[in-house]
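These are the residues of each chain, in order.
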Amino acid sequence: MIELLVVIAIIAILAALLMPALSSAKQKAWTTSCNSNLHQIGLGMRMFADDNNEFYPESGSTISWGSVDPTAPPMGSGKIGWTEQIFSYVANTNAYNCPGNVQLAASLQGPFNYFNGCNAAYVANGGQFGAVKSTLISFPSAFVLGGDTAGTKSNGAGLQFDPLDDDKDDYVQNCVGGAADPSITEYWQIHSHGQNIMFADGHSKWYKTYNAGEMTFTYGAMTNWINYNNQ
């Protein structure tokens, strides 16, 4: 009996030691898979731009897959969502689903977990929706073209995006940064309290928060995300 208890205790200790390692390995696998998705999405966006006079897909308001933006320009795009615009180049909707999404509550989960980085176009257009033009980008290796987003506000106060919105974007919401409350960071940045960011030169990388030396959201300068309405 004593020997059995000793064996059980040893197994429990080993399990406790292994659990953090297994959790870390799972997080790394999710992050790697998410970066692979972003690489595929980035290629799709690049090919779309090649066929559309160097314009990337234009985002609008909240749009469901298979639907056209119900809001007319300039407050909407009048188009299908940006993920659907590039679908013929991506060819797989699984690329739009970040595997780390499973960490969220069921009510927050959705099939579209990436945002379109179009803040530069919004600012350049005087606060109206528009598509980013690749030839205007001065720093492609730093220009934030997109990234993963869990969908909650950075302070945890409700949803940032509708989980079924296939047209998430950063026109009027900062999608890159750090949560105000550390206790809800995992619900906003789901990769080890960080997120993967995609850049206009095609590479993507994990970040814990905004990096001024490696990111920009405007065409001609290295700047942070701009809230046009509060300028």
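Placed above this text is the structure.
Small disclaimer: the values here were computed from a predicted structure and weren't measured.

In this structure, strand β3 (residues 195–199) lies alongside strand β4 (residues 204–207), joined through four bridges in antiparallel fashion. Bridging across to β4, Met 198 finds its partner in Ser 204. The loop that links β3 with its antiparallel partner β4 comprises four residues; one of these, Gly 202, has a positive phi angle of about 105 degrees.

Here we take up the layout of surface pockets. What the largest pocket holds in volume is close to 150 Å³. As for the largest pocket, its lining consists of 14 residues, of which Ser 61, Thr 62, Asp 165, Asp 169 and Gln 173 are closest to the centre. Within the lining of the largest pocket, the residues separate by chemical class into five nonpolar, five polar and four charged.

This next bit is on the nonpolar core. In terms of nonpolar packing, the biggest core is built from 32 residues, with Ile 41, Met 45, Tyr 56, Ile 86, Val 132 and Phe 143 touching the most fellow members. For this core, the secondary-structure elements that each account for two or more residues are α1 (2–50) and α4 (119–124). With sequence-adjacent residues up to four places away left out, Ile 86 is seen in contact with Ile 41, Gly 44, Met 45, Phe 48, Pro 57 and Tyr 96. The next biggest cluster of nonpolar side chains, apart from the first, holds eleven residues, and it includes Phe 115, Cys 175, Met 215 and Phe 217.

Under the counting rule described, the total for this entry stands at one cavity of 30 Å³ or more. Taken together, Asn 101, Leu 108, Gln 109, Gly 110, Phe 112, Asn 113, Ala 150, Gly 151, Pro 163 and Lys 168 form the lining of the largest cavity. Looking at the lining of the largest cavity residue by residue, the classes come out as four nonpolar, five polar and one charged.

Glancing now at the packing of aromatic side chains. The final tally for this structure, using the stated rule, is eleven aromatic pairs. Aromatic side chains Trp 65 and Tyr 96 sit 6.2 Å apart centroid to centroid with 50 degrees between the ring planes, which places their arrangement in the tilted category. Highlighted residues: Trp 65 in the loop between α1 and α2 (82–85) and Tyr 96 in the loop between α3 (87–90) and β1 (114–116), separated in sequence by 31 residues. Look at Tyr 96 and you get buried, because its relative accessible area is 1%. Ring geometry for Tyr 210 against Phe 217: centres 6.2 Å apart, planes inclined by 45 degrees, an arrangement best described as tilted. With a relative accessible area of 3%, Phe 217 lands in the buried category. Members of the aromatic cluster, joined through ring pairs, are Trp 65, Phe 87, Tyr 96 and Phe 112.

Note that Trp 225 resides in the segment after β4. Sequence spacing of Trp 225 and Val 172 is 53 residues, and the spatial spacing of their C-alpha atoms is 9.5 Å. In this view, Trp 225 contacts Asn 119, Asp 170, Tyr 171, Val 172, Gln 173, Asn 174 and Phe 217; residues no more than four positions away in its chain are not counted. A polar contact is formed between the side chain of Trp 225 and the backbone oxygen of Asp 170, at a distance of 2.8 Å.

Summed over the entire model, instances satisfying the criterion amount to zero disulfides. Cysteine Cys 118 shares no disulfide, and the gap to the nearest cysteine sulfur, in Cys 175, comes to 8.7 Å. Classification of Cys 175 by relative accessible area gives buried; the value is 4%.

Here Gln 189 is to be found in the loop between α5 (185–188) and β3. On the basis of relative accessibility, which here comes to 1%, the residue Gln 189 falls in the buried class. Separated by 3.1 Å, the side chains of Gln 189 and Gln 195 make a polar contact. For Gln 189, the side chain forms a polar contact with the main-chain oxygen of Lys 208, separated by 3.5 Å.

The rules behind the values
Residues numbered from 1 in each chain as written. Predicted model: local features only at pLDDT ≥ 70, side-chain atom pairs only at ≥ 80, totals over all residues. Heavy atoms only, no water. Pairing = 2+ DSSP bridges. Helix = DSSP H or I, 4+ residues; strand = E, 2+ residues; numbered from the N terminus. 1 Å grid on protein atoms, 1.4 Å probe; cavity = no way out; pocket = protein on both sides within 12 Å on 5 of 7 lines; lining within 4 Å. Points joined across faces, edges and corners; volume = space filled by probe spheres on them. Nonpolar A, V, L, I, M, F, W, Y, C, P; charged D, E, K, R; others polar. Core = buried A, V, L, I, M, F, W, Y, C linked by side-chain atoms within 4.5 Å. Buried < 20%, exposed > 50% of the residue type's maximum accessible area, 1.4 Å probe, protein only. Contact = heavy atoms within 4.5 Å. Phe/Tyr/Trp six-rings, centres within 6.5 Å; stacked < 30°, edge-to-face > 60°. Polar contact = N/O pair within 3.5 Å; in protein donor to acceptor, adjacent residues only side chain to side chain. Disulfide = S-S within 2.5 Å.

That's the geometry; what it means functionally is another story.
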